[in-house]
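# What the coordinates show
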Amino acid sequence: QVQLVESGGGLVQAGGSLRLSCTESRRTLTLYTMGWFRQAPGKGREFVAAISWSGRNTNYADSIKGRFTISRDTTKNTVNLEMNSLKPEDTAVYYCAAGGPSWPRSMRSEYDYWGQGTQVTVSS
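The structure reproduced in this document is the subject of the present report. A quick note: this is a predicted structure, and the numbers were derived from the prediction, not measured. (Residues numbered from 1 in each chain as written. Predicted model: local features only at pLDDT ≥ 70, side-chain atom pairs only at ≥ 80, totals over all residues. Heavy atoms only, no water.)

## Notes on the overall build of the protein chain
What counts, and what does not: Numbered from the N terminus, helices here are DSSP runs of H or I no shorter than four residues, and strands are runs of E no shorter than two. Atoms counted for the radius of gyration: C-alpha only. Globule rule: 2.2 Å times the number of residues to the power 0.38. Partly exposed residues are those whose accessible area sits between 20% and 50% of the maximum for their type, while under 20% is buried and over 50% is exposed, using a 1.4 Å probe and protein chains only. Throughout, a contact is declared for two residues whenever any of their heavy atoms are within 4.5 Å. Counted as positive: Lys and Arg. Counted as negative: Asp and Glu. His and the chain ends are not counted at all. By convention, the charge on Lys lies at NZ, on Arg at CZ, on Asp at CG and on Glu at CD.
The secondary structure content of the protein chain amounts to zero helices and eleven strands. Overall, the protein chain shows an N-to-C arrangement of helices and strands of β-β-β-β-β-β-β-β-β-β-β. Its C-alpha atoms give the protein chain a radius of gyration of 13 Å, near enough to 14 Å, the size a compact globule of 124 residues would have. Once the C-alpha set of the protein chain is aligned to its principal axes, its extents read approximately 40 × 25 × 25 Å. Buried positions account for 44% of the 124 residues belonging to the protein chain. The contacts in the protein chain between residues at least 6 apart in sequence include a share of 59% that link residues at least 24 apart. Averaged over its 14 positive side-chain charges, the protein chain has a centre that lies 2 Å from the centre of its 10 negative ones.

See below:
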C-alpha cells in the first residue's frame, strides 16, 4: 500500500507563493506517475499537474500553466508543487496522487493512491 503525505499548505496573500511536498516513507515514488489535484469548496476534484515516473514529462492544467511547477526530488523521495502568483481562486484542498507508470495521466480515475490533502488558502 502506498501512503502519501502532503505538506506545505497554508494561508498566503494573493500574489504570494507556496511550495507543497508529497512524500512516501516506504516505497520509491519513481515507480509511479505522480499528480496533484485540488478541490475547492462545493466543487469537484480537478487536475492540477502531473509528472512522469522518470521526471522527463510534465503536464499542467491551463488554469495554472506558467504559475505552478511540478518536480521530483529523488534524493528525498518527494514530489513538489511550486506555486507562484497565487490567486484567490487557487484556494482549495490540494491532494497528491500516485498512478501507474504509463503517461499521460490527468484523470482522477487514473490514479490509485491518494494523500489526505493539504489546505491552501489565498486571501485577496
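## Here's the deal with the side chain of Glu24
The condition that has to hold: The term salt bridge refers to a pairing of a side-chain nitrogen on Lys or Arg with a carboxyl oxygen on Asp or Glu at a separation within 4 Å. Any N or O atom pair separated by 3.5 Å or less is treated as a polar contact, with the protein-specific requirement of one donor-capable and one acceptor-capable atom, and with residues adjacent in sequence counted only for side-chain atom pairs.
With respect to the secondary-structure elements, Glu24 resides in the loop between β3 (18–23) and β4 (33–39). Arg26 provides the closest opposite charge to the buried, salt-bridge-free Glu24, at an N-O distance of 4.1 Å. Among the polar contacts listed, one links the side chain of Glu24 to the backbone nitrogen of Arg26, at a separation of 2.5 Å. Of the polar contacts made by the side chain of Glu24, one reaches the backbone nitrogen of Arg27; its length is 2.6 Å. Beyond its immediate chain neighbours, meaning those up to four positions away, Glu24 contacts Gln1, Val2, Gln3, Leu4, Leu29 and Asn77.

## A short note on the pattern of salt bridges
Tallied over the entire structure, the rule returns five salt bridges. Across the pair Arg38 and Asp90 runs a salt bridge whose closest N-O atoms are separated by 2.9 Å. Separated by 52 residues along the polypeptide, Arg38 in strand β4 and Asp90 in the loop between β8 (78–83) and β9 (92–99) bring together distant segments of the chain. Here Arg38 and Asp90 have matching classes, each one buried. Notably, a salt bridge pairs Asp62 with Lys65, separated by 3.2 Å at the nearest N-O pair. Each of the two residues, Asp62 as well as Lys65, counts as exposed. Each of Arg38, Glu46, Arg67 and Asp90 takes part in one network of salt bridges that share partners.

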